[in-house]
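# Descriptive structure summary
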Amino acid sequence: FYLDEFIPPEIYSVRGAKSIQLLDDRIIKGVTLLRKYADVPFIINNWAKGGNFNESGLRLPNTRTGAKWSQHKFGRADDVKPQGMTIAELYQILLDHEDEFVSQGLITTIENIEKTPGWLHIDCRYTGLDKFLIVDP
């Protein structure tokens, strides 16, 4: 991953490499481990390469995208779009490794994939659970 994949252009243009200070390292470790298990490329944000995604990682506090207290606004969430596999296949990989992700607090919460067929929302919020918290968007 490159830093710009996690950061919107408005923040990256001002903070550059210091933008990493705004991200929870658990989500970076979690999405990196997930990509290792999936063994396919992921798209989070792709604005730096001319793509359309710029709010799939960290979001500005005043954005209209998502919930008021979205984990994205705290640098604890990513919307992952796998290349070369379905969202359902990626979800199954998470389930297969649930204990590892949850016990380390790397990924604790997933959005209901029936309601988000174009991406897989993952975040590392504290849940106090020993399994994934599945939430509706």
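Here the structure is a predicted model, which means the values were calculated and not measured. (Residues numbered from 1 in each chain as written. Predicted model: local features only at pLDDT ≥ 70, side-chain atom pairs only at ≥ 80, totals over all residues. Heavy atoms only, no water.)

## Here's the deal with the sheet that holds strand β4 (residues 120-123)
One open sheet accounts for five strands, arranged β1-β2-β4-β3-β5; its pairing is mixed. For this open sheet the edge positions go to β1 (42-43) and β5 (133-135), each flanked by a neighbour on one side alone. (Pairing = 2+ DSSP bridges. Helix = DSSP H or I, 4+ residues; strand = E, 2+ residues; numbered from the N terminus.)

## As for the pairing of β4
Here β4 shows two buried faces, one formed by L120 and I122 and the other by H121 and D123. Sheet topology note: the strand β2 (residues 77-82)/β4 ladder contains four bridges and is antiparallel. Within the sheet, the bridge partner assigned to V80 lies in β4 and is L120. Summarising the sheet, strand β3 (residues 109-111) and β4 pair through two bridges and their orientation is antiparallel. Bridging from a neighbouring strand, T109 pairs with D123 of β4. (Buried < 20%, exposed > 50% of the residue type's maximum accessible area, 1.4 Å probe, protein only.)

## Digging into the pattern of salt bridges
Within the structure shown, the criterion is met by five salt bridges. Where D136 meets K115, a salt bridge forms, and the shortest distance between an N and an O atom there is 3.1 Å. Placement of the pair is D136 in the segment after β5 and K115 in the loop between β3 and β4, with a sequence separation of 21 residues. A residue is classified by how much of its surface remains accessible, and K115, at 48% relative accessible area, is partly exposed. As a salt-bridge pair, R125 and D123 come within 2.8 Å of each other at their nearest N and O atoms. Note on R125: relative accessible area 23%, which makes it partly exposed. (Salt bridge = Lys/Arg side-chain N within 4 Å of Asp/Glu carboxyl O.)

## Some points on helix α2 (residues 25-38)
A rise of 1.5 Å per residue sets the reference length of α2, with its 14 residues, at 20 Å; its end C-alpha atoms lie 20 Å apart and thus fit the reference within 8%. Buried residues of α2: I27, G30, V31, L33, L34 and A38, and no others. End-on, the buried residues of α2 take up no more than an arc of 160°, which puts them together on one face. On its buried face, α2 sits against β1, β2, α3 (87-96), α4 (98-103) and β4. Immediately beyond the C-terminal end of α2, within one or two residues, lies D39, with a positive phi of roughly 60°. (Expected span 1.5 Å × (residues − 1). Arc of directions from axis to C-beta. Contact = heavy atoms within 4.5 Å.)

Geometric values such as these leave the question of function open.
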